[in-house]
Amino acid sequence: MSFFSSAALRNKRPTRQQATALLSFLIATAVGFVPGPRLDDGSPPRSSVTQPSPATSATGPAPAATPDPTSSVPAPTTQAQPAGPSWGGTPLLGNDVSWPQCTAALPEDPAFAIVGVNNGLANTTNPCLHEQLEWAETALGGTAQPEVALYVNTANPGHDGSWWPRSNDYGGQTVANPYGTCTGGEDAACAYMYGYAKAFDDAFLRTVSDPEEYLWWLDVETGNTWSRDQNANRADLEGMTDFFHSIGAAVGVYSTGSQWGQIVGTVSEDSSLYSLPSWLAGAHTVDGAKSNCSLPPLTSGGKVTLTQFVAKGFDYNYSCI
């Protein structure tokens, strides 16, 4: 039996006809939603966590190199996967790409593809999202991973961010908040609403068609902005998870054990994070990535289903299932 239960993991490609930004805004307006933060929003706020993101990952933000989202983005070209005996001549490795690869030749014929939705920060949009989703359509399959998945940047900036919730209302409705009522404080209740809002924006305001059909990986790295309160950080990620689950999408968590421990800490059984699959960063070779499948998952009730390593400047991913 597959570890995943969502329809997003049936190796069935979602419809890829992408909506326009205007259409997405009209849809959001029709359901009574008036967006708070802008889609592309300035420089990152100050971080309460100072440990840098692992150098092995190409998914971490580097704001100084952010492409201009208003510029014309050329269609991505491709480059051959690195060869070697560990690969066996069979394309069973996937790739993840995002804004840092907007002008790069993307790997050819990945077994599966994971595309970053944001532009390095949780409140921004990858300027070449659609072009990279078109590249992702070249995924060949052959593993238990969904052929195309998405990942999103996460953060808990509090009042240092450009927007912070002041109530339990978002997306035209009052959200059932397990942490109580948000009144604007830097507490778990408002962190939950911030995470819920970012997930709502990712699904409905960044022109992703059929968001419910995807597996959404939550990228949890110390390079983004986090509270010193691990309970609030957990609440933030629970808000994101609960929103994605509410539309029928599957969710997983991406990090390293050390970064997850610093930001989130121990996750209890009653948390919606508890049974999520883990995608582990930190390996340097395909053999290292394969070995990392035996590492502990980020949450005690989860399972390591995917591991990452870097080759030729790209993130490659090994399926543990």
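Residues numbered from 1 in each chain as written. Predicted model: local features only at pLDDT ≥ 70, side-chain atom pairs only at ≥ 80, totals over all residues. Heavy atoms only, no water.

Caption draft 1: Structural detail: the packing of aromatic side chains. For the coordinates displayed, the defined rule picks out 16 aromatic pairs. With a centroid separation of 4.5 Å and an interplanar angle of 20°, the aromatic rings of Trp-216 and Phe-244 are classed as stacked. Taken together, the positions of Trp-216 in strand β8 (residues 215-219) and Phe-244 in helix α4 (residues 230-246) put the pair 28 residues apart, joining distant regions of the chain. Phe-244 matches Trp-216 in its accessibility class, with the two residues each being buried. Three or more aromatic residues joined by ring pairs form one cluster here, namely Trp-163, Trp-164, Tyr-170, Tyr-194, Tyr-196, Phe-200, Phe-204, Tyr-214, Trp-216, Phe-243 and Phe-244. (Phe/Tyr/Trp six-rings, centres within 6.5 Å; stacked < 30°, edge-to-face > 60°. Helix = DSSP H or I, 4+ residues; strand = E, 2+ residues; numbered from the N terminus. Buried < 20%, exposed > 50% of the residue type's maximum accessible area, 1.4 Å probe, protein only.)

Caption draft 2: Representation of the pairing of strand β4 (residues 113-116) within the structure. Burial along β4 is two-sided: Ala-113 and Val-115 facing one way and Ile-114 and Gly-116 facing the other are all buried. Two strands pair when backbone bridges link them, and strand β2 (residues 93-97) and β4 are joined in this way by 3 bridges, in the parallel orientation. Bridge pairing in β4 places Asp-96 opposite Ile-114. Across 4 bridges, the pairing between β4 and strand β5 (residues 148-153) is parallel. Within β5, the position partnered with Ala-113 by the bridge is Val-148. Considered for its hand, the β-α-β crossover made up of β4, helix α2 (residues 129-136) and β5 is right-handed. (Pairing = 2+ DSSP bridges. Right-handed = clockwise from strand over helix to strand, strands pointing away.)

Caption draft 3: Expanded view of the state of the cysteines. Scanning the entire structure with this criterion turns up 3 disulfides. The disulfide partner of Cys-102 is Cys-128, and the S-S distance across this bridge is 2.0 Å. Note on the Cys-102 and Cys-128 pair: the S-S dihedral is about -85°, so by sign convention the disulfide is left-handed. On the criterion of sequence distance, the pair formed by Cys-102 in the loop between β2 and β3 (106-107) and Cys-128 in the loop between β4 and α2 is long-range, its members being 26 residues apart. Here Cys-102 and Cys-128 have matching classes, each one buried. Counting only the cysteines that take part in disulfides, in the order they occur along the chain, gives the pairing 1-2, 3-4, 5-6. (Disulfide = S-S within 2.5 Å.)

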